[in-house]
Amino acid sequence: MHPVLDDLIHLLRLERIEDNIFRGASRDLGSPQVFGGQVLGQALSAAQHTVEGRVAHSLHAYFLRRGDNNAPIVYEVDRARDGGSFSNRRVVAIQHGRPILNLAASFQNPEDGLEHHDVMPDVPPPDGLKDLTHLAADVLDTMPVKLRRFMTDQRPFEFRPVEQTSLDAREKLPPVKHVWIRAVDALPSDTALHQNLLAYVSDFELLMTATLPHGISFTRGNLILASLDHALWFHREFRMDEWLLYAMDSPNASGARGFARGQFFTQDGTMVASTTQEGLVRVVDPAKARKRSDPSKQQ
């Protein structure tokens, strides 16, 4: 397996300390804090370790504080309920003695029922589209060093945007974005693992959708973005080593917060997951952005 993807899988599997306590490491992706998708995927993984025979169908999380890339994260799981068909788990992610994320996840025994779903947007297929790293080439020199490294280092996923605009685009655009996503190598057939990986990637690009109508870009160093909460629903089985279309839109921005929604579709048009997120969106002086890159997680 590709070493970067293998490292991510190892990161999400966690170390079991006691029955309901787990520990995870972090990877520095170039931001001042732990990537929110990593904490989300690890918290879901911790909950999955305490459930047998049932599959996650939803999760709801609040990001409370910024995570420290240089310290382990401890995950404490509360086995809130095991009913006849559903199980519920509450997870607290802790660093330096303080919670950085609260998550609730629900699990269900697989069963058949009514079926319908939204139609996939009519967009070009991933073949022939450029990876995100190619789109960043024209503005690499203007990026902060850590962000530049994130855009050029090897990643566990391919990201092929349908809207092939420059990362430093200044025009005001509709708050809509479509990105094809696929793991860089084949993965084992493990439903829990594929859900963890989708939780991880669901935090990429989503909040940025709320900035599109305003002609601003994170490459200019004057934008503070921070996830505040995140919800995710798993509708059907899927594979992260096959192309998924991440269709995103942002119906609202107000009060220094942006709200965004996302849907995941397989290439044949089957809707497999949905997500929503609200996050802090502040346009500030670049010097202030460097000092207060994530104030929402310093509460």
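The rules we used
Residues numbered from 1 in each chain as written. Predicted model: local features only at pLDDT ≥ 70, side-chain atom pairs only at ≥ 80, totals over all residues. Heavy atoms only, no water. Helix = DSSP H or I, 4+ residues; strand = E, 2+ residues; numbered from the N terminus. Buried < 20%, exposed > 50% of the residue type's maximum accessible area, 1.4 Å probe, protein only. Contact = heavy atoms within 4.5 Å. Areas by Shrake-Rupley, 256 points an atom, 1.4 Å probe, with all protein chains shown as cover. Arc of directions from axis to C-beta. Salt bridge = Lys/Arg side-chain N within 4 Å of Asp/Glu carboxyl O. Core = buried A, V, L, I, M, F, W, Y, C linked by side-chain atoms within 4.5 Å. Phe/Tyr/Trp six-rings, centres within 6.5 Å; stacked < 30°, edge-to-face > 60°.

**Focus on the overall build of the protein chain**
Helix and strand counts for the protein chain come out as six helices and 12 strands. Counting every position in the protein chain, which comprises 299 residues, the buried fraction comes to 50%. Across the protein chain, the fraction of contacts at a sequence separation of at least 24, relative to all contacts at a separation of at least 6, is 74%. Within the structure as shown, the protein chain displays about 14100 Å² of accessible surface, and the carbon and sulfur contribution to it stands at 50%.

**Section: helix 1 (residues 3-13)**
Along helix 1, the residues that are buried comprise L5, L8, I9, L11 and L12. The buried side chains of helix 1 occupy one side of the element, clustering within an arc of 160 degrees when seen end-on. Opposite the buried face of helix 1, at more than 90 degrees from it, the exposed residues are P3 and H10. On its buried face, helix 1 is in contact with helix 2 (36-48), strand 7 (157-161), strand 8 (176-183) and helix 5 (191-201). Trailing helix 1 by a residue or two, L14 shows a phi angle of about 70 degrees, which is positive.

**Considerations on the pattern of salt bridges**
On inspection of all chains with the given rule, the structure shows 11 salt bridges. Among the ionic pairs, R23 bridges to E15, the shortest N-O distance being 3.0 Å. The class of R23 is partly exposed, set by a relative accessible area of 34%. One salt bridge connects R89 with D82, and the closest N-O pair in it is separated by 3.0 Å. What makes R89 buried here is its relative accessible area of 1%.

**Remarks on the nonpolar core**
Of all hydrophobic cores here, the largest spans 56 residues; its most connected members are Y75, L101, L103, F157, L198, F234 and M240. Ignoring any residue separated from it by four or fewer positions in sequence, one finds F234 in contact with L44, A56, H57, S58, L59, Q195, L198, V272 and A273. Residues V162, W180, A247 and M271 belong to the second largest nonpolar core, which totals nine residues.

**Let's talk about the packing of aromatic side chains**
Throughout the structure, instances matching the rule amount to eight aromatic pairs. Between the aromatic rings of Y200 and F204, the centroid separation amounts to 5.9 Å while the plane-to-plane angle is 65 degrees, which identifies the pairing as edge-to-face. The buried category is assigned to Y200, whose relative accessible area is 6%. Of the residues examined, F204 reaches a relative accessible area of 12% and is grouped as buried. An aromatic cluster is built from F35, F157, F159, Y200 and F204, whose rings are joined through pairwise contacts.

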